[in-house]
Amino acid sequence: MKPVEIKDNIYWVGAVDWNIRDFHGYSTYKGSTYNAYLAKDEKVALFDTVKKPFYMDLVHRLHNVIDPTEIDYLVVNHLEPDHSGSLKDTVEAVKPEKIYTSVMGAKSMAGYYKVDNWPIETVKTGDVLSLGKNSVHFLDARMVHWPDSMFSYIPEEKLLISNDGFGQHWATSERFDDQVDNGELMRQAAKYYANILMLYSPLIAKLLEKVADMGLEIDMIAPDHGLIWRNNPGQIIQAYQTWSKQKATAKALVVYDTMWHSTEAMAKAIYDGILDSGVSVQLMNLACTHRSDVMTEVLDAKAVVFGSPTLNNGMLPRMADLLHYMRGLKPTDKICATFGSYGWSGEAPKMMAAQLEEMNLSLIDEPVRTMWAPNHDSLKPCRELGQKIGQAVVEANLPPSCRAIYCGD
Ligand code: FEO
């Protein structure tokens, strides 16, 4: 298993996971990678490890560069087990002179592993580790996306090792951004942001400002998941600036589940109404759309409409799942509405509306309900709701959809 030299004497020594399909609720249908990096200098440093089942991948790649016992320092940017799962084995094999991590990282390390005799040294923003020709500048990246998270910056190479930041869950044989389709790369980066980092958007916006104020020169960003940004790292920084402000585009989503296609007919009528305004709109049936793919679209949508029929005095389970997941990720500044068909009680639309209000998302109108199977006349309120939503999106005067995701506008 070959390492890849990403900079002079700095190597990618990670692992590619072609098989993972679920990352605690996030559909990783394109797999993922666990990136680790080795800097060979007067002192040798290994930045992060890999998920435990991939430990031998790491070892094989290291052996192609160096005898692992020659590693002096381990830098642990984050303790989540997809990056630290091989830490114990690595410490035992390498016997490092020092293990560098954040203060919170040291606490997490003690929580996960028996660290009694480990040579741990905590670091914070401003601390510098000399490797010889190169140096490592540590940068707190708290809540990107755990309290322990930090970045490692090597100024001599203008290289930012960013741990979970700027990552994508995408297994590829390629290692660099310019070797893959840019549209797919940005889509995977947006999905990663929407499903892992959206919740921390205010903190990420501040971190980006701090990095800009520090004037760091960056010509390569090496995350711990997915492709390395060497061609245009500014593209992903600009995208994060947009996403962290949750800037919307002129896009609407009609997300629904249905039992006997009555709620689906309402969804299509709302869709038609939105389309009357010329706004880009997507119809997303939860029976065939994963919650994490819905959230990717929510990231830059201005309007999101939720539909469910009533089952056992409540909403359908897939809609309850989506709303629960969405609540945790805290999207902001959306125009919302709810709808649903019913036979005799019809609580679901009101329940969905109540949950959206609890998330501080504004409802443009009262829930729209249709009894039994809708006909052309009873679908009229749905078309009118769609037109009202479409008009509100137009009046918000937003950029067209897709520009925010793909271009970082
Ligand atoms: Fe990729 Fe938070 O671990």
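A quick note: this is a predicted structure, and the numbers were derived from the prediction, not measured.

(A) Structural view of the environment of A267. Within the secondary structure, A267 is located in helix α8 (residues 262-275). For A267, a relative accessible area of 0% puts it in the buried group. Distance in space between the C-alpha atoms of A267 and M284 is 9.2 Å, their sequence separation being 17 residues. What A267 contacts, discounting residues up to four positions off in sequence, is V254, Y256, L283 and F339.

(B) Quick peek at the domain arrangement of the chain. Examined at the domain level, the chain breaks down into domain 1 (4-244) and domain 2 (249-407). Averaged C-alpha coordinates put domain 1 and domain 2 at centres separated by 37 Å. Each side of the interface is counted separately: domain 1 has 19 residues, and domain 2 has 17 residues. Both faces considered, domain 1 and domain 2 share a buried interface measuring about 1,600 Å² in area, 55% of it formed by carbon and sulfur atoms. By the criterion of area lost to domain 2, the three top residues of domain 1 are R187, N195 and M198, representing 34% of everything that side buries. Where domain 1 packs against domain 2, one counts two salt bridges.

(C) Up close: the nonpolar core. Ranked by internal contacts, the top residues of the largest apolar core, which has 88 residues, are I236, Y240, W243 and F306. If one sorts the elements of this core by residue count, helix α5 (residues 182-197) sits on top with nine residues. Residues lining this core come from more than one domain, with at least three contributed by each of domain 1 (4-244) and domain 2 (249-407). Residue contacts for Y240: discarding those within four places in its chain leaves G165, F166, G167, Y192, Y193, L197, I204 and L208. With 25 residues, the next largest nonpolar core counts I6, I10, Y73 and L129 among its residues.

(D) Highlighting helix α11 (residues 348-358). All buried positions along α11 are accounted for by A348, P349, M352, A353 and L356. Buried positions in α11, seen along its axis, are confined to an arc of 135° and lie on one side of it. Exposed and oriented more than 90 degrees from the buried face of α11 are K350, E357 and E358. Here the buried face of α11 lies against β19 (301-307), α10 (317-329), β20 (335-342), β21 (362-363) and β22 (368-371).

(E) Fine view of the side chain of D177. With respect to the secondary-structure elements, D177 resides in the loop between β15 (159-163) and α5. This buried residue, D177, is left without a salt bridge; R230 holds the nearest opposite charge, at 4.8 Å. Among the polar contacts made by the side chain of D177, one reaches the main-chain amide nitrogen of R230 at a distance of 3.2 Å. Not counting chain neighbours up to four residues away, the residues in contact with D177 comprise L185, L227, I228, W229, R230, N231 and N232.

(F) Fine view of the sheet that holds strand β2 (residues 10-12). Pairing is mixed in the open sheet, where seven strands are placed in the order β1-β2-β7-β8-β9-β10-β11. Every interior strand has two partners, whereas the edge strands, β1 (4-7) and β11 (120-122), have only one. Strand-to-strand twist of the sheet, defined as the mean angle between neighbouring strand axes without regard to direction, takes the value 25°. For strand β10 (residues 98-101) and β11, the ladder comprises three bridges, and the chain directions are parallel. Residue pairing for β11: T101 is matched across the bridge by T122. Here helix α4 (residues 103-112) sits on the sheet in contact with β10 and β11, set at roughly 115° to β10.

(G) Quick look at the pairing of β1. Judged from the three bridges that link them, β1 and β2 form a sheet pairing that is antiparallel. In the sheet register, K7 faces β2, and the bridge partner there is I10. In this structure, the hairpin formed by β1 and β2 is closed by a connection of two residues, where N9 is found at a positive phi of approximately 65°.

Criteria and cut-off values
Residues numbered from 1 in each chain as written. Predicted model: local features only at pLDDT ≥ 70, side-chain atom pairs only at ≥ 80, totals over all residues. Heavy atoms only, no water. Helix = DSSP H or I, 4+ residues; strand = E, 2+ residues; numbered from the N terminus. Buried < 20%, exposed > 50% of the residue type's maximum accessible area, 1.4 Å probe, protein only. Contact = heavy atoms within 4.5 Å. Domains from an automatic or database assignment. Buried area = accessible area lost by both parts, 1.4 Å probe. Salt bridge = Lys/Arg side-chain N within 4 Å of Asp/Glu carboxyl O. Core = buried A, V, L, I, M, F, W, Y, C linked by side-chain atoms within 4.5 Å. Arc of directions from axis to C-beta. Lys, Arg positive; Asp, Glu negative; His and termini not counted. Polar contact = N/O pair within 3.5 Å; in protein donor to acceptor, adjacent residues only side chain to side chain. Pairing = 2+ DSSP bridges. Axes fitted to C-alpha atoms, helices over the stretch in contact; angles between N-to-C directions.

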